[in-house]
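Below, each chain spelled out in residue letters.
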Amino acid sequence: MYEYELHRVRSAELLREAAQERLAREVRRSRRTARREEAARHSSAGAETHTDRPRRHRLPRIA
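Let me begin by describing the structure that accompanies this report.

About the thresholds
Residues numbered from 1 in each chain as written. Predicted model: local features only at pLDDT ≥ 70, side-chain atom pairs only at ≥ 80, totals over all residues. Heavy atoms only, no water. Helix = DSSP H or I, 4+ residues; strand = E, 2+ residues; numbered from the N terminus. Buried < 20%, exposed > 50% of the residue type's maximum accessible area, 1.4 Å probe, protein only. Salt bridge = Lys/Arg side-chain N within 4 Å of Asp/Glu carboxyl O. Patch = residues over 30% accessible without salt bridge, like charges linked within 9 Å, V, L, I, M, F, W, Y side chains within 5 Å. Areas by Shrake-Rupley, 256 points an atom, 1.4 Å probe, with all protein chains shown as cover. Lys, Arg positive; Asp, Glu negative; His and termini not counted. Charge placed at Lys NZ, Arg CZ, Asp CG, Glu CD.

## Focus on the overall build of the protein chain
Step number 1: Counting its regular elements, the protein chain contains one helix and zero strands.
Step number 2: Per-residue burial for the protein chain yields a buried fraction of 0% across its 63 residues.

## A word on the pattern of salt bridges
Step number 1: Tallying each qualifying case throughout the model produces four salt bridges.
Step number 2: Put simply, R10 and E13 hold a salt bridge, and the shortest N to O gap is 3.3 Å. With R10 and E13 both in helix α1 (residues 2-44), this residue pair falls three residues apart, about one helical turn.
Step number 3: Of the residues examined, E13 reaches a relative accessible area of 30% and is grouped as partly exposed.

## Focus on a positive patch on the surface
Step number 1: Side chains of R22, R25, R28, R31, R32, R35 and R36 sit close together on the surface and give a patch of like positive charge.
Step number 2: Mapped onto the elements, R25 comes out in helix α1.

Here you go:
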């Protein structure tokens, strides 16, 4: 009977962890969507690149 109780406790713990992970994924997904919508809104307003610096040309790698 003791092993059965341990099994039930562990199972409940795993279910709680899975629910927390699902909630965390949903939060990340909604934040990412909000960021993309915000970026699309700014880019459609005619915004240029986010910096005024020219792109730095790097030296070729030495073999």
